[in-house]
Amino acid sequence: MAAPLRIICYHPDGVVADRAMARAIARIHQLNAVFNDYDPTSEVRRLCETAGTGKKVQVSDDLWRLLALSLKISEQTSGAFDVTIGPIVRLWRRARMSREMPPAWRFDQARQAVGYQWVRLYPEERAVELLRSGMRLDFGAVAKGYAIDAALQVMREEGVPSALIDLGGDLGLGDPPPDRHHWTVAVAAVKPGEPPSYFVRRARCGVATSGDRYRFVVIGGKRYSHIVDPRTGVGLTDQSEVTVIAPNATLADALATAVSVLGPEKGLAWVETFPDTAALYLRLVGDHTEVHTSKRWKELSGETADAQL
Ligand code: AMP
Ligand code: MG
């Protein structure tokens, strides 16, 4: 989770606030040791080393919970979101460095090792087996949200419920600042240099944005996102930005990535099946920003809330 972290919190006693933040940060570090894909000693990486060996591995509560949720999302999206996307994401990471399109046979090879249906869960033992060799789980689409929720929970337990946690642009909103009804969050415009025109005025929820603003590669004049369509193995080429408001940051993070792949029609209809959840889908088409919203976006973004508060 190599993403900048920002915590804003309010408490009359600075010592209490500092202690709460220190513990929240420690919790995020702990989760990094579980989910970090760049660290060969992380729990996820060690699990992936057993792929295809017939071994089942007992995993931590955090890994179990986030894997179970990710598999559910993978099933519901028929694999548009796929937590086993790791081998393809690795190919694109290399492409970002070399600025060259990987050869087709490499995509074919990577795709052999991708498929959420090749993950077997043993609930009684909290154990996981990865059935195909070369499989690699990738929690890049959900781990930030999960870490935010875990950190907000620590802040609450430490007596500092009025907090906002921003991890690389994904947000967890706790109780609002004193004398306020909500936090105010601006949704960045998809067109570079344009001021934001959408705002979220809420408390106690998660707000996550997915897009290719920072992580993309241009090959042969085409721009490919770090979010890939598992069905083709190719990075998304539409310049979109999806913002999801959900009861927690984990779900918001997962859905923002999934809707990026599903596109506005399928994606927003699916978002509407989750309670208290809404999405905004912005897409840059030439010079024009196309806007799609799910039915409850206006209501759940607090568009009607008093802008002064
Ligand atoms: P986010 O910034 O939350 O949208 O997550 C993007 C990250 O999710 C990428 O950098 C990959 O690690 C991972 N990812 C890319 N494509 C997919 C996909 N189709 N399903 C699940 N995870 C993905
Ligand atoms: Mg995400």
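Quick look at the structure, then. Since the structure is predicted, the reported quantities are computational estimates derived from the model, not experimental observations. (Residues numbered from 1 in each chain as written. Chains lettered and ligands numbered in written order. Predicted model: local features only at pLDDT ≥ 70, side-chain atom pairs only at ≥ 80, totals over all residues. Heavy atoms only, no water.)

### Structural notes on the overall build of the protein chain
Of regular secondary structure, the protein chain possesses nine helices and 16 strands. Computed over its C-alpha atoms, the radius of gyration of the protein chain comes to 20 Å, within 12% of the 19 Å expected for a compact globule of 309 residues. Counting only C-alpha atoms, the protein chain reaches 60 × 50 × 35 Å along its principal axes. When each of the 309 residues of the protein chain is scored for burial, the buried share is 52%. Residue pairs in contact within the protein chain that sit at least 24 positions apart in sequence constitute 63% of those at least 6 positions apart. Total accessible area on the protein chain is roughly 14,600 Å²; 51% of this is exposed by carbon and sulfur atoms. (Helix = DSSP H or I, 4+ residues; strand = E, 2+ residues; numbered from the N terminus. Rg over C-alpha atoms; globule rule 2.2 N^0.38 Å. Buried < 20%, exposed > 50% of the residue type's maximum accessible area, 1.4 Å probe, protein only. Contact = heavy atoms within 4.5 Å. Areas by Shrake-Rupley, 256 points an atom, 1.4 Å probe, with all protein chains shown as cover.)

### Focus: unusual backbone geometry
Non-glycine residue R99 carries a positive phi angle of around 55°. Structurally, the position occupied by R99 is in the loop between α4 (86-98) and α5 (104-112). Look at R99 and you get exposed, because its relative accessible area is 55%. A positive phi angle, near 50°, is found at D276, a position not held by glycine. Along the polypeptide, D276 turns up in the loop between α8 (264-271) and β15 (278-285). Of the residues examined, D276 reaches a relative accessible area of 42% and is grouped as partly exposed.

### Here's the deal with α4
Between its terminal C-alpha atoms α4 stretches 19 Å, which fits the 18 Å expected from 13 residues at 1.5 Å a residue. Against the buried residues of α4 lie α5, β10 (216-219), β11 (222-225), β12 (228-229) and β13 (234-235). Positive backbone phi, approximately 55°, marks R99, located one or two places after α4. (Expected span 1.5 Å × (residues − 1).)

### Brief notes about the site of ligand 1
Surveying the vicinity of ligand 1 reveals 17 residues, the closest of which are D138, S210, V228, D253 and T257. Between ligand 1 and the protein, one listed contact pairs a nitrogen atom with a backbone N or O atom of A80 at 3.0 Å. In the environment of ligand 1, an oxygen atom lies 2.7 Å from a nitrogen or oxygen atom belonging to the side chain of T257. Taken by itself ligand 1 offers 500 Å² of open surface, and the protein chains cover 96% of this. The biggest single contributor to the shell around ligand 1 is helix α7 (residues 249-262), with three residues. For the shell around ligand 1, the per-class residue count stands at nine nonpolar, four polar and four charged. (Near = heavy atom within 4 Å. Polar contact = N/O pair within 3.5 Å; in protein donor to acceptor, adjacent residues only side chain to side chain. Nonpolar A, V, L, I, M, F, W, Y, C, P; charged D, E, K, R; others polar.)

### Looking at the packing of aromatic side chains
With the rule as written, the count across this model stands at six aromatic pairs. Between Y10 and W183 the ring centres are 6.1 Å apart and the planes differ by 45°, which places this aromatic pair in the tilted class. Of the two residues, Y10 is situated in the loop between β1 (5-9) and α1 (14-35) and W183 in strand β7 (residues 183-187); the sequence distance between them amounts to 173 residues. Classification of Y10 as partly exposed rests on a relative accessible area of 38%. By way of ring pairs, the aromatic residues F35, F139 and Y146 are connected into one cluster. One cation-aromatic arrangement involves R93 over Y38; the distance from NZ or CZ to the ring centre is 4.2 Å. (Phe/Tyr/Trp six-rings, centres within 6.5 Å; stacked < 30°, edge-to-face > 60°. Lys NZ or Arg CZ within 6 Å of the ring centre and 35° of its normal.)

### Notes on the nonpolar core
F35, L130, L137, F139 and M155 are the most contacted members of the largest nonpolar core, which has 68 residues in total. Other than its neighbours up to four places away in sequence, M155 contacts I7, C9, A20, M21, A24, V160, P161, A163 and I165. In terms of nonpolar packing, the next biggest core, distinct from the first, is built from 18 residues, L171, W183, V187 and A278 among them. (Core = buried A, V, L, I, M, F, W, Y, C linked by side-chain atoms within 4.5 Å.)

### Thoughts on the environment of A249
Following the sequence through the fold, A249 ends up in helix α7. In this structure the C-alpha to C-alpha distance between A249 and I165, which are 84 residues apart in sequence, comes to 9.8 Å. Those residues in contact with A249 that lie beyond four places of it in its chain are G145, I148, D149, L171, G172 and G206.

### Focus: the coordination of the magnesium ion (ligand 2)
When a metal carries six donors in an octahedron, the ideal angles between them are 90 or 180 degrees, while four donors in a tetrahedron ideally lie at 109.5 degrees. Coordination of the magnesium ion (ligand 2) by the protein involves A141 (O), D253 (O), D253 (OD) and T257 (OG1), with metal-donor separations of 2.0 to 2.4 Å. The sequence pattern formed by the donor residues of the magnesium ion (ligand 2) is A-x111-D-x3-T. Taken as a pair, A141 in the loop between β4 (127-130) and α6 (143-157) and T257 in helix α7 lie far apart in primary sequence, 116 residues in all. Comparing A141 with T257 shows no difference in burial state: the two are buried. (Donors = N, O, S within 2.8 Å, 3.2 Å for Na, K, Ca; no water.)

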